[in-house]
Each structure stands twice: as C-alpha cells, then as structure tokens.
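Topology and contacts: notes
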Amino acid sequence: MFRKQRIYDSSLLYIDKAIRLFESINADQERSTAYINKGIALKASGRSDLAMISYNKSKEIAVAIGDSANLAYSLLDIASIKYEQDKLLESVSLYEKALQIAMNEKIDRVSF
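1. What about the pattern of salt bridges?
Per the counting criterion, the structure on display carries 6 salt bridges. With a shortest N-O distance of 3.3 Å, K43 and E84 are connected by a salt bridge. One end of the pair, K43, is in helix α3 (residues 28-44); the other, E84, is in helix α5 (residues 68-84), and 41 residues separate them in sequence. Of the residues examined, K43 reaches a relative accessible area of 21% and is grouped as partly exposed. A relative accessible area of 49% means that E84 is categorised as partly exposed. With its nearest N and O atoms 3.4 Å apart, the salt bridge here joins K57 to E60. Here K57 pairs with E60, and both are found in helix α4 (residues 48-65), just 3 residues apart, close to one helical turn.

What counts as what
Residues numbered from 1 in each chain as written. Predicted model: local features only at pLDDT ≥ 70, side-chain atom pairs only at ≥ 80, totals over all residues. Heavy atoms only, no water. Salt bridge = Lys/Arg side-chain N within 4 Å of Asp/Glu carboxyl O. Helix = DSSP H or I, 4+ residues; strand = E, 2+ residues; numbered from the N terminus. Buried < 20%, exposed > 50% of the residue type's maximum accessible area, 1.4 Å probe, protein only.

Okay, structure coming up:
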C-alpha cells in the first residue's frame, strides 16, 4: 500500500515498529522479511546506502535461521544496488547465488 502511494517515511515508521515487535518475540523469519521491506522503502526513496544496510541485516538473519527464500530475496536486492552502482561483476555473482539458492531449494516465489 505505502509503495503504491509513495509514502515511504510513514511505511518506515511502521516497519521499524514491526522489526522491534518481531525481535521481542523472537520471530526471526518475519524480522528478516521486515528488513527486506525496509530496504525496498529506503531504496525507493533514494537512500540506497541505508537500503543496503537493511538488506544485509535481512541476509544475516536468513543465514542464521536457514531461511533460503529470504536469503535469495536479500541477495537479489543487494545485487540490484550493486548493479546501480556499476559494480556489474559483484551484481552478477549475487544474482547467480540467488538463482542457485532458488533452484536448489525449489523456491518458486523468487522472481528475477
């Protein structure tokens, strides 16, 4: 909803609130997803540097809990920023890792 309306600052407030809630109840998969959503909002509002931090946090959590889907999503989002930064080799490598994870884990909801 916030994405369509381009109300990124409002969405970030709610996302941060959700992250704190998920952390307090040890809902790590949801927290990882929330960091991806935060990264999306930050990137859309022109703050790719902060989005990268958020995507990396999601990746870190996904690795720790063995969440292949969020790991693949995080890698895709990091790759997209690397691509925008003209870091093409890094970008391709990350896209390939995400694709490999999606194929190995038979994740059908990851889109490239």
